[in-house]
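# Results of the structural survey
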Amino acid sequence: MLRGMARSLVVKATAGADAPERCSQAFTVAATAVAGGVPTSLWLTGESAWFALPGRAATFELEHAAPLADLLDSILAGGTVTLCTQCAARRGIGPGDVIPGIRIAGAAVFVEEALQNDAQALVY
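Below is a short write-up of the structure. Throughout, residues of each chain are indexed from 1 in the direction in which the sequence is written. Reporting of local features is limited, given that this is a predicted model, to residues whose pLDDT is at least 70; pairs of side-chain atoms are given and counted only at 80 or more, and all residues count toward the totals for whole chains, interfaces and linings. Computation of side-chain values covers all heavy atoms of the structure but excludes hydrogens and water.

### Quick look at the pattern of salt bridges
Whenever a carboxyl oxygen of Asp or Glu lies within 4 Å of a side-chain nitrogen of Lys or Arg, that contact is scored as a salt bridge. Under the definition given, this model contains two salt bridges. A salt bridge links glutamate 47 to arginine 91, with the shortest nitrogen-to-oxygen separation between them at 2.9 Å. Of the two residues, glutamate 47 sits in the loop between strand S2 (40–44) and helix H2 (68–78) while arginine 91 sits in the loop between helix H3 (85–90) and strand S4 (102–105), which places them 44 residues apart along the sequence. A residue is classified by how much of its surface remains accessible, and glutamate 47, at 32% relative accessible area, is partly exposed. Among the ionic pairs, arginine 103 bridges to glutamate 113, the shortest N-O distance being 2.2 Å. With arginine 103 in strand S4 and glutamate 113 in helix H4 (residues 107–114), this residue pair connects regions lying ten residues apart in the sequence. Every helix listed is a DSSP run of H or I at least four residues long, and every strand listed is a run of E at least two residues long, numbered separately from the N terminus. For each residue, the accessible area found with a 1.4 Å probe, counting protein chains only, is set against the maximum for its type, and the residue is called buried under 20%, exposed over 50%, and partly exposed in between.

Below, the structure is given as structure tokens:
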């Protein structure tokens, strides 16, 4: 685990292709935390909601950044990924549409995760 920390990390990605650097930062931080053994939860909200769909992360490109699809795969392998309920509904995305392993949940679940003892929430 990173420097022996016993904290969890909740990362909310609010940007997608509309703000590629901010989007990439959210995924990179979440994937780095997972790689370091930190319990990590990534939330896909706003335009990042589209990355809950199969193949969408593979279309994202940002120079000098790790491929978003690889970052998402690593987060799914060692952490949790959640798609915002309202964001999904506004985009016509249902539970059967998302990548296996991604759940759809709302603000109450985000607040519960973010307010856990020793949790750190970051919003990008």
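So much for the structure itself; the text now carries on.
### Some thoughts on the sheet that holds strand S1 (residues 8–13)
Taken in spatial order, the five strands line up as S4-S3-S2-S1-S5 in an open sheet, and their pairing is parallel. Edge positions in the open sheet fall to S4 and strand S5 (119–123), since each of these has one partner strand only. Each strand of the sheet is rotated relative to its neighbour by a mean of 25°, with strand direction disregarded. For two strands to pair, DSSP has to find at least two bridges joining them. Alignment of strand S3 (residues 80–84) against S4, held across four bridges, turns out to be parallel. Across the sheet, cysteine 84 pairs through a bridge with alanine 105, a residue of S4. Orientation is described by axes fitted as lines to C-alpha atoms, over the contacting stretch for helices, and by angles from 0 to 180 degrees between their N-to-C directions.

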